[in-house]
Amino acid sequence: AAMVHVLGCLWRMDKYDIITLTQEQVDGVSKQLCTWLTTTSTTQPPNPFSKNIFSSRQLVAVTEVDETPSHDLFTVLSVGQYYSPDQFLNMHVFAMMRGWLQKHRSHNGNSATVQLLVDKMCEYCLRVLDQCERKAVVPHDSELQQVCLTETILLLDTMCQQNSSLVPRVFPSIKRVYNRIQNNPASSINIINILQFLLHHSDAVMYDMGPALQHFFLKVLDKQCVDLSLAFEATIFCLENMENLSTNTSVLRKFFPCLLKVFAWQPKTLLAEFVDLLPTMVSEETAIEVFHCLLDLPVMTAAMETVMRVEQRA
């Protein structure tokens, strides 16, 4: 427990520049993080609250979310009734890793220790992706899978941006995840995270992401445009990648009716973002159509409300 607090304090002080770590210190911490990731026990500790000194001390393996015994690398998705200190440390390392690598990305090219940490973290993430494919027995574990999938995709994206040689190793797993979740409404946010990964790395593996973008705008966002969290994440995705999407693709001009539906449903929340996005939707071919759609926004909102009331009654 003490090491968990020390790790948390070190990370917060480093993150907010309360302290400045030297390269030697970064390497030392990275080496320890790597150890905590790879040497964690895969057995459950005994009940720490039991007062029965004669209780069985037989070692029981942690399980996967589908309750099958797990003897592989321990991860944040390994399930146990109780957890040992080194298992808690493993989970904390996973939670802080993306921020640690982002903060110390300038050291990656020169440090063999940080490179080793990235390699082990990549192996860990690929293991988590495999675990996310298992069918959880407990509903809480299913929710945990979604959260861990989000962090894992973002972490893999960060590592691949810092070390492009990882892309061929990671890309097949990301593609497999996309194929599995692309039609799952509960995974819409993770579809956006995968699209972000593809925008960053599809060129490295000669992958055409046009169909994935089309599927997202027509089959995901268009059908779930009243979902507040999805609408916000999709808008931020378009805004942060506006130059790339408008220069290298035609999705913002091609699928602007879908984006306008998102805006029509929550105009006050997303007004500033859509003011920035609107020019990218307009071209010589779409200018008149965009103009008429803007005039029809109140009618569109009323129609969406009517459809929602009908669906709620059904």
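We now turn to the structure provided with this report.

Our next topic: the overall build of the protein chain. Looking only at helices and strands, the protein chain features 15 helices and two strands. For the protein chain, the spread of C-alpha atoms along the principal axes amounts to about 75 × 50 × 40 Å. The long-range share in the protein chain, meaning contacts at least 24 apart out of those at least 6 apart in sequence, stands at 72%. Element-wise, carbon and sulfur atoms account for 57% of the exposed surface of the protein chain, whose accessible area totals about 16800 Å².

The next point concerns the pattern of salt bridges. For the structure on display, the rule yields eight salt bridges. Of the charged contacts, one joins Asp-119 and Arg-169 as a salt bridge, the two residues approaching to 2.8 Å between their closest N and O atoms. A residue pair is termed long-range when its members are at least 10 positions apart, and Asp-119 in helix α4 (residues 112-132) and Arg-169 in helix α6 (residues 167-181) qualify at 50 residues. Given a relative accessible area of 31%, Asp-119 falls into the partly exposed group.

Between helix α2 (residues 23-38) and helix α3 (residues 85-103), the least distance of the axes is 9 Å, while the angle of their chain directions is 135°. Here α3 runs oblique to α2, going by the angle between their axes. The chirality of how α2 crosses α3 is left-handed. Of the residues in α3, those in contact with Val-26, Val-29, Ser-30, Leu-33, Trp-36 and Leu-37 of α2 are Leu-89, Asn-90, Val-93, Met-96, Met-97 and Trp-100.

Moving on to the nonpolar core. Ranked by size, the top nonpolar core spans 90 residues in total, and within it Leu-33, Met-97, Trp-100, Met-159 and Phe-216 carry the most contacts. Top contributing element to this core by residue count: α4, with eleven residues.

To continue, consider the state of the cysteines. Enumeration according to the criterion identifies zero disulfides in this entry. Looking at Cys-125, it has no disulfide partner, and the nearest cysteine sulfur is the one in Cys-122, 6.8 Å off. For Cys-125, a relative accessible area of 0% corresponds to the buried category. Summary of cysteine pairing: Cys-132 is not part of a disulfide, and the nearest cysteine sulfur, belonging to Cys-148, is at 6.4 Å.

Attention now moves to unusual backbone geometry. The backbone of Glu-67 sits at a positive phi, close to 75°, despite the residue not being glycine. By relative accessible area, which is 51% here, Glu-67 ends up exposed. Backbone geometry at Met-206 places phi at a positive 55°, although glycine is not the residue there. Within the fold, Met-206 resides in the loop between α7 (188-201) and α8 (210-221).

Quick notes on the rules
- Residues numbered from 1 in each chain as written.
- Predicted model: local features only at pLDDT ≥ 70, side-chain atom pairs only at ≥ 80, totals over all residues.
- Heavy atoms only, no water.
- Helix = DSSP H or I, 4+ residues; strand = E, 2+ residues; numbered from the N terminus.
- Contact = heavy atoms within 4.5 Å.
- Areas by Shrake-Rupley, 256 points an atom, 1.4 Å probe, with all protein chains shown as cover.
- Salt bridge = Lys/Arg side-chain N within 4 Å of Asp/Glu carboxyl O.
- Buried < 20%, exposed > 50% of the residue type's maximum accessible area, 1.4 Å probe, protein only.
- Axes fitted to C-alpha atoms, helices over the stretch in contact; angles between N-to-C directions.
- Parallel < 35°, antiparallel > 145°, perpendicular 65-115°, else oblique.
- Left-handed = near helix turned anticlockwise from the far one by under 90°.
- Core = buried A, V, L, I, M, F, W, Y, C linked by side-chain atoms within 4.5 Å.
- Disulfide = S-S within 2.5 Å.

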